[in-house]
Structure formats: structure tokens, C-alpha cells
Amino acid sequence: MAKIIDGFVYRNINKAAQLLRRGEVIAFPTETVYGLGADVYNKKAVAKIFEIKERPFFDPVIVHIANLKQLEEVARIEDERIYLLAKNFWPGPLTLVLPKQKKIPYLVTAGLDTVGIRMPSNVIALSLIQSLGRPIAAPSANLFTHLSPTTADHVFKQLGSKIKIILDGGKTICGVESTILLIKKNARPVCLRAGGLPIEEIEKIVGKVEVSKKQSSKVLAPGNLKFHYAPRKPLIIVKNEEEIAEHFKDFKKKKGFLAFQKIKNKKIFSDWRILSPSGDLKEAASNFFDFLHQLDEGPAEIIFAEKVKEVGLGRAIMERLNKAAHQ
Ligand code: TXA
Ligand code: MG
């Protein structure tokens, strides 16, 4: 069984780095979600990630770096916009998809000649990469297609029997995965996944960003499969609370409700959570996965989730809700 150890204690970070050096896989916090990390240059260790997550090999893994030297070590920098984006948004919830350097194993990129890279802003994640002295390959620390983990406890519930250590950094502040941006020379950037960094912010720096419509593309973002981020219970997206009262009144199943800002009639629900009473999308995003985990474990038999406005972080929330509802 995995040990949950305090990630703010440097000795524990060193211990985790030591395990990584030996080719083990460990879980650690980032500002977005918890990651399941391995030494990026150790193919056997990276293969273990896929095994533990029960993830297909066609889904590439993001490489986490702690400095710009590591950026040049893993990617070819053929475009000035890369430095511009790094300067403005790193460390932070932005993953750049760039041409890969030879030394990055194809196992990491699922055979692609590009690699997804990000510099996380979480102090434990950065310290861990520094302590290892190498970039860390890490997908989110959940089972394939399951809900992403935003606490050490979430990781433990899904993967506790399969790993030795979970570095605990508390609840992640951002709460949704990084925004993934494909940068190709002489072309507009393409957003492959809405995430913790709003597209509007990116556009202020590099101009218009195209949004990839290919939800299940096997080429650009294989992990963007339609079913993803799913709770075990069925999830239905509704426009608002009234829609539940109107259309699902005679529904016998116990209802759970993930509301955005408020709930008028709590009596019709056996379980409910409010993402942000003040209507703040940032707060909503940080609570999103945690509340879905809670509703999934609670008394409700079916989960209703209220739509949020598709601007800023609302896009990231809706992208995940749509995938959770697809099953
Ligand atoms: O915030 C995050 O990005 C978290 C934390 C742990 O850093 N990581 C994460 O990883 O969400 P994962 O594996 O759950 O999702 C990564 C996504 C996948 O959908 C994958 O397909 C895409 O990134 N990806 C990785 N490398 C890619 C590449 N070279 N081209 C296109 N998509 C890529
Ligand atoms: Mg994931």
C-alpha cells in the first residue's frame, strides 16, 4: 500500500527522487492535478506508468521541467513565441506541444515527433524535478478515463495498491489540468485541451488561438478521447436547476446535483455541492474534480451537473463535463 508522505518536507522529496532514480513510479502534486511521475529517460519506468494507469500506449505523456535548460534538452525551439509564452505563463498550467529532441523516448510521446512540456508552478513538483535532476514524465495520477485527482486521498483511492509513495501537497489550487497548446512554425497556435490557463490570456500574448474541434483525434491529443474524467455514476448536464425539476421529477433514482452558484430547492436532492457561491470560475475549477469525487462516493445514484458559462476557466470545466457525460 502507498504511503502518503508530507511533500513540504524536503527529506521526503529526496526520498521520492531516489525512488524515481531507481526506476520507480511515484505520485506528486502539481498546481493542476496530481501527477504519476517517472524519470522521462527511463523507458521501463515510463512503461510502468501506463501499466499502473491501465492507459493505452497511444496516449502520450506530458514532460515536466523545472528550468529552461531542460526545455531545450527535451524540445527543439524553432519559434520565438515559445519563449514569449514561457516568460508569461511558466511556471504554470500551460503545456506546449513542440518538436521533440531525439533523446525523448517514443514511448513518452506515443510515437509522435512532438512532445508536450510544462513547467508546473507547484513548489513540491519543482523541488522534485530539481532533486532528480531530470525532467519527469507524468500523466494525471488516476486510472484511465476516471476522475482526475486533486488530493493525495483521491490518488490513494485509485492507485494506492500500485505505488509506494504519494507526496502530499494538499488540495491542488488550480483543480483542472493544464491548457494544451500546439505550437507549429508559421501557424496559429492550436488549443488541444482547454485547461487551467484561459485561452483569452494566451491570446493577449500570441494572438488568435485556434480551438481544436477534434475531440477524439488520434493524432493531436489522443488523451482527448470522448470518454474521460468520468465518475462511476451516470452524469447528466442540465441548463439549470429548473430543468431537473421539470424533466426528471418522476425519476426514481436518488439525485445528486453539482450546481454552479446556488441551489433553490435542496429537498429534491439526496446530495449536492455548490462549485462557487460567489460565481467565481477560478474557485469553481479548483473544486470541480473534488466535488465530483465526493458526489460519486455519496448517496446519489445519478449526478446532475449545471452548465457554466463557456468563457475563461468555464471552457475547461465544460470540456470535462461533456466528456464525463458522454458515457
Ligand atoms: O495539468 C496537467 O497537464 C496534468 C499534470 C499532472 O501536469 N497532466 C495531465 O496529463 O493532465 P494527462 O496525461 O492526463 O493528459 C495529457 C494530455 C493527453 O490528453 C495527451 O494526449 C496530451 O496531453 N498530449 C501529451 N503529449 C502530446 C503531444 N505530443 N501531442 C498532443 N497531445 C499530447
Ligand atoms: Mg488525465
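The coordinates are above.
Residues numbered from 1 in each chain as written. Chains lettered and ligands numbered in written order. Predicted model: local features only at pLDDT ≥ 70, side-chain atom pairs only at ≥ 80, totals over all residues. Heavy atoms only, no water.

J.: Hey, could you run me through the nonpolar core in this one?
T.: When a protein is soluble and globular, its nonpolar side chains tend to lie buried together. Ranked by size, the top nonpolar core spans 67 residues in total, and within it Leu128 and Ile163 carry the most contacts. Sequence-distant contacts of Ile163, that is, excluding residues within four places in its chain, are made with Met1, Ala2, Val25, Ala27, Leu36, Ile52 and Val155. In this structure, Phe291, Ile303, Ala305 and Leu313 belong to the second largest nonpolar core, which totals 28 residues. (Core = buried A, V, L, I, M, F, W, Y, C linked by side-chain atoms within 4.5 Å. Buried < 20%, exposed > 50% of the residue type's maximum accessible area, 1.4 Å probe, protein only. Contact = heavy atoms within 4.5 Å.)

J.: For this particular structure, what's the right way to read helix α7 (residues 152-159)?
T.: Side chains that are three or four residues apart share a direction in an α-helix, a result of its 3.6 residues per turn. What α7 keeps buried is the set Ala152, His154, Val155, Gln158 and Leu159. Here the buried residues of α7 occupy an arc of 160° about the axis, which is enough to place them on one side. (Helix = DSSP H or I, 4+ residues; strand = E, 2+ residues; numbered from the N terminus. Arc of directions from axis to C-beta.)

J.: Sorry, what's going on with the pattern of salt bridges here?
T.: Charged atoms that come close allow side chains of opposite charge to pair. Tallying each qualifying case throughout the model produces 19 salt bridges. Residues Arg320 and Glu177 are paired through a salt bridge, measuring 2.7 Å at the closest nitrogen-oxygen approach. Of the two residues, Arg320 sits in helix α11 (residues 313-325) while Glu177 sits in the loop between β8 (165-168) and β9 (179-182), which places them 143 residues apart along the sequence. Glu177 carries the same exposure label as Arg320, and that label is buried. Overlapping salt bridges, with partners in common, bring together Asp153, Lys157 and Glu297 in one network. (Salt bridge = Lys/Arg side-chain N within 4 Å of Asp/Glu carboxyl O.)

J.: Quick question: what am I supposed to make of the environment of Arg21 here?
T.: Tracing the backbone through its elements, the reader meets Arg21 in helix α1 (residues 10-21). Considered as a pair, Arg21 and Arg134 are 113 residues apart in the sequence and their alpha carbons are 9.4 Å apart. In this view, Arg21 contacts Ser131 and Leu132; residues no more than four positions away in its chain are not counted.

J.: Explanation requested: unusual backbone geometry in the structure shown.
T.: Where the residue is not glycine, phi is negative for most of them; where a peptide bond is considered, it is trans in most cases. Between Trp90 and Pro91 the backbone carries a cis peptide bond, its omega angle lying at -10°. Tracing the backbone through its elements, the reader meets Pro91 in the loop between α4 (80-89) and β5 (94-99). For Ala110, which is not glycine, the phi dihedral falls at a positive 55°. Within the fold, Ala110 resides in the loop between α5 (106-109) and β6 (114-118).

J.: Any chance you could explain the environment of Thr151 here in plain terms?
T.: Mapped onto the elements, Thr151 comes out in the loop between β7 (136-137) and α7. Residues Thr151 and Gly170, spaced 19 residues apart in sequence, show a C-alpha to C-alpha distance of 5.9 Å. Aside from chain neighbours lying at most four places away, what touches Thr151 is Tyr34, Gly170, Lys171 and Asp290. A polar contact is formed between the side chain of Thr151 and the backbone nitrogen of His154, at a distance of 3.1 Å. (Polar contact = N/O pair within 3.5 Å; in protein donor to acceptor, adjacent residues only side chain to side chain.)

J.: What exactly am I supposed to notice about the side chain of Thr179 here?
T.: Turning to its location among the elements, Thr179 is positioned in strand β9. By relative accessible area, Thr179 is classed as buried at 0%. At a separation of 3.1 Å, a polar atom in the side chain of Thr179 contacts the main-chain amide nitrogen of Gly195. At 2.6 Å, the side chain of Thr179 and the backbone oxygen of Leu197 are in polar contact.

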